[in-house]
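Summary of structural features
The chain contents come next:
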Amino acid sequence: NSSKFYFTSANCPITVSRELRSTADGGSTLHMEIDVSKVENRYHTADNLAILPVNSSKVVESVATALGFDLDAAFVLDAPLSDSDKKFQLPFPSPCTVADYLGKYCDLVSPPRRSEIKILSNYTTDPVERSNLEFMASKEGKEEYDSQIISAYNGIAKI
């Protein structure tokens, strides 16, 4: 379950971040040191460390405003009640505020897949925007999707 880390995560500050490659290399490799000294579950050499990035407050606020959400509002996500869904696990802690949900549990900045663009188009009220999204989600619109979404690195927040 890839969401299990959300239930045991701790905020750990980055104490050192430096680029290891020259600008002439055309890429980036960072050396980062993370302070885990205050974490209850101690990190040991060769343990796995999951990095759970947080969306910036500016991005979270813009998405909440666009959707008409109150960042301070809280909601509860309940597990299914049927016996067949006993293995179901919540994808994030509940109850949760809209601010925490959009900030910690949604990827608002990575480019969405074409299938996600198609789903998004179903909720777009502007006919021109809907048509553009539907085109980018189609096989014929792959080139436009690559240039407008992938190459431009546009996520849901910008779309």
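Predicted model only: the values in this text are computed from it and were never measured.

Calculation rules
Residues numbered from 1 in each chain as written. Predicted model: local features only at pLDDT ≥ 70, side-chain atom pairs only at ≥ 80, totals over all residues. Heavy atoms only, no water. Salt bridge = Lys/Arg side-chain N within 4 Å of Asp/Glu carboxyl O. Buried < 20%, exposed > 50% of the residue type's maximum accessible area, 1.4 Å probe, protein only. Phe/Tyr/Trp six-rings, centres within 6.5 Å; stacked < 30°, edge-to-face > 60°. Helix = DSSP H or I, 4+ residues; strand = E, 2+ residues; numbered from the N terminus. Patch = residues over 30% accessible without salt bridge, like charges linked within 9 Å, V, L, I, M, F, W, Y side chains within 5 Å. Areas by Shrake-Rupley, 256 points an atom, 1.4 Å probe, with all protein chains shown as cover.

Brief notes about the pattern of salt bridges
- A full pass over the atoms with the stated rule returns four salt bridges.
- Residue Asp25 pairs with Arg21 through a salt bridge whose shortest N-O separation is 3.7 Å.
- Since its relative accessible area comes to 33%, Arg21 is described here as partly exposed.
- Lys142 is paired through a salt bridge with Asp146; the nearest N and O atoms lie 3.0 Å apart.

Points about the packing of aromatic side chains
- Throughout the structure, instances matching the rule amount to four aromatic pairs.
- Look at Phe75 and Phe92: their rings are 6.1 Å apart centre to centre, the planes differ by 75°, and that puts the pair in the edge-to-face class. Highlighted residues: Phe75 in strand β3 (residues 74-75) and Phe92 in the loop between β3 and β4 (96-97), separated in sequence by 17 residues.
- We classify Phe75 as partly exposed; its relative accessible area is 29%.
- With 5.2 Å between their ring centres and 15° between their planes, Phe92 and Tyr105 make a pair best called stacked. Here Tyr105 lies in helix α2 (residues 98-105) and Phe92 lies in the loop between β3 and β4, a separation of 13 residues in the sequence.
- Residue class for Tyr105 comes out buried when judged on its relative accessible area of 18%.
- Aromatic rings pair up to connect Phe75, Phe92, Tyr101 and Tyr105 into one cluster.

What about a nonpolar patch on the surface?
- On the surface, Ile14, Leu30, Met32, Ile34, Tyr43, Leu49 and Ile51 cluster together into a nonpolar patch covering about 650 Å² of accessible area.
- Within the element layout of this structure, Leu30 appears in strand β2 (residues 30-34).

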